[in-house]
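Notes for the structure review
Spelled out, the chains give:
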Amino acid sequence: MKRSIVCILLLFTLWPCRTDAVDLSATSGVLIEAETGEILWEKDPDRQMRIASTTKIMTALVVLERCDLQETVTVTAAHMAEGSSMYLVPGEAVTVEELLYGLLLCSGNDAALALAEYCGGSVARFAELMNEKALDLGMSGTSFANPSGLDAEGHCSTARDMALLAAYAAENPFFMRICSTSRAVIGQRDMRNHNRLLNSLPGCVGMKTGYTRAAGRTLVSCVQRDGHRLVAVTLQDGNDWADHETLYTMGFELLNEMRETT
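What counts, and where the lines are drawn
Residues numbered from 1 in each chain as written. Predicted model: local features only at pLDDT ≥ 70, side-chain atom pairs only at ≥ 80, totals over all residues. Heavy atoms only, no water. Helix = DSSP H or I, 4+ residues; strand = E, 2+ residues; numbered from the N terminus. Rg over C-alpha atoms; globule rule 2.2 N^0.38 Å. Buried < 20%, exposed > 50% of the residue type's maximum accessible area, 1.4 Å probe, protein only. Contact = heavy atoms within 4.5 Å. Areas by Shrake-Rupley, 256 points an atom, 1.4 Å probe, with all protein chains shown as cover. Lys, Arg positive; Asp, Glu negative; His and termini not counted. Charge placed at Lys NZ, Arg CZ, Asp CG, Glu CD. Core = buried A, V, L, I, M, F, W, Y, C linked by side-chain atoms within 4.5 Å. Expected span 1.5 Å × (residues − 1). Pairing = 2+ DSSP bridges.

Quick notes on the overall build of the protein
- When you go through the protein residue by residue, the secondary structure sums to nine helices and nine strands.
- By the compact-globule yardstick of 18 Å for 262 residues, the protein fits well, its C-alpha radius of gyration being 18 Å.
- Along the longest, intermediate and shortest principal axes, the C-alpha atoms of the protein span 60 × 35 × 35 Å.
- For the protein, the residues scored as buried account for 54% of the 262 residues in total.
- Of the contacts formed within the protein by residues at least 6 apart in sequence, a portion of 60% connects residues at least 24 apart.
- When the accessible surface of the protein is summed, it comes to about 11500 Å², and 49% of that surface belongs to carbon and sulfur atoms.
- Side-chain charges in the protein split into 22 positive and 33 negative, and the spacing between the mean points of these groups amounts to 2 Å.

Here is the structure:
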């Protein structure tokens, strides 16, 4: 394993990041090889920007590392939220697992608040936990103010940081099981994943979409092919579905070229 990683790193020094290989609509973005963290493409990757519901990747990871899936959460009126929802009802009891499906498939802001209050004791304390995790992961350009990604002062990240987060998330089997699920029927809820790449892009294993008026369209995705796992992040990108397909085509072609030279 160590030898293969060294070989990959050496090849990346011979095949520099293709910053000019593709011209995408994104204001900021990055494509990385998840195992090594090496960058295959970048565009202003350290620019701090709003990230909308891609925030929920971190929300889910903090919950998964601190709560049992079968713990029960009682929904309150305080968990009702603007924007996307899994349509929780005050007074109902739902498991952490059900809320995670609602968080990552429906992008439920209500699920985000319910999980944050339950896991952190308060939404403010949960945001602190998110920031502590970001610091641990080396996400130096990131600051979380809430668990949903709704626009807020001081809530921002960078494409590079979100790629670091996605690479870390890809190592969590339960997280990946949820975000790679196209549809889940739990109780009376029929939940469908907003990530259309799951059905259109070969090898796509999920991650998270996002949108607010201020942030524009944000997208974090992950694709596995031929023993390689790539992660793409685009921020403020009105053509994100097509742009991610373009990035993966270029990325895997580059990896194949590298393989042929060894």
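Anyway, onward from the coordinates.
Some remarks on the side chain of His-79
- Turning to its location among the elements, His-79 is positioned in the loop between strand 3 (72-74) and strand 4 (93-95).
- On the basis of relative accessible area, His-79 is assigned to the buried category, the value being 2%.

Regarding the nonpolar core
- By size, the foremost hydrophobic cluster in this structure holds 61 residues, and its most contacted members are Ile-57, Leu-99, Leu-100, Phe-175, Met-207 and Val-233.
- Those residues in contact with Leu-100, other than ones at most four positions away along the chain, are Ala-60, Val-63, Leu-64, Leu-69, Leu-115, Phe-174 and Ile-178.
- Among the nonpolar cores identified, the runner-up in size contains 21 residues, and Leu-24, Leu-40, Leu-254 and Met-258 belong to it.

Remarks on helix 9 (residues 240-260)
- Here helix 9 contains 21 residues, and its C-alpha end-to-end distance of 30 Å stays within 8% of the 30 Å for a straight helix at 1.5 Å per residue.
- Among the residues making up helix 9, those that are buried are Asp-240, Trp-241, Asp-243, His-244, Leu-247, Tyr-248, Met-250, Gly-251, Phe-252, Leu-254, Leu-255 and Met-258.

Thoughts on the pairing of strand 6 (residues 189-192)
- Residues Arg-189 and Met-191 point to one face of strand 6 and are all buried, whereas Asp-190 and Arg-192, pointing to the other face, are not buried.
- Here strand 5 (residues 183-186) pairs with strand 6 via four bridges, running antiparallel. Counterpart to Arg-183 in the pairing with strand 6 is Arg-192.
- As consecutive antiparallel partners, strand 5 and strand 6 are separated by two residues, and within that stretch Gly-187 has a phi angle of approximately 60°, a positive value.

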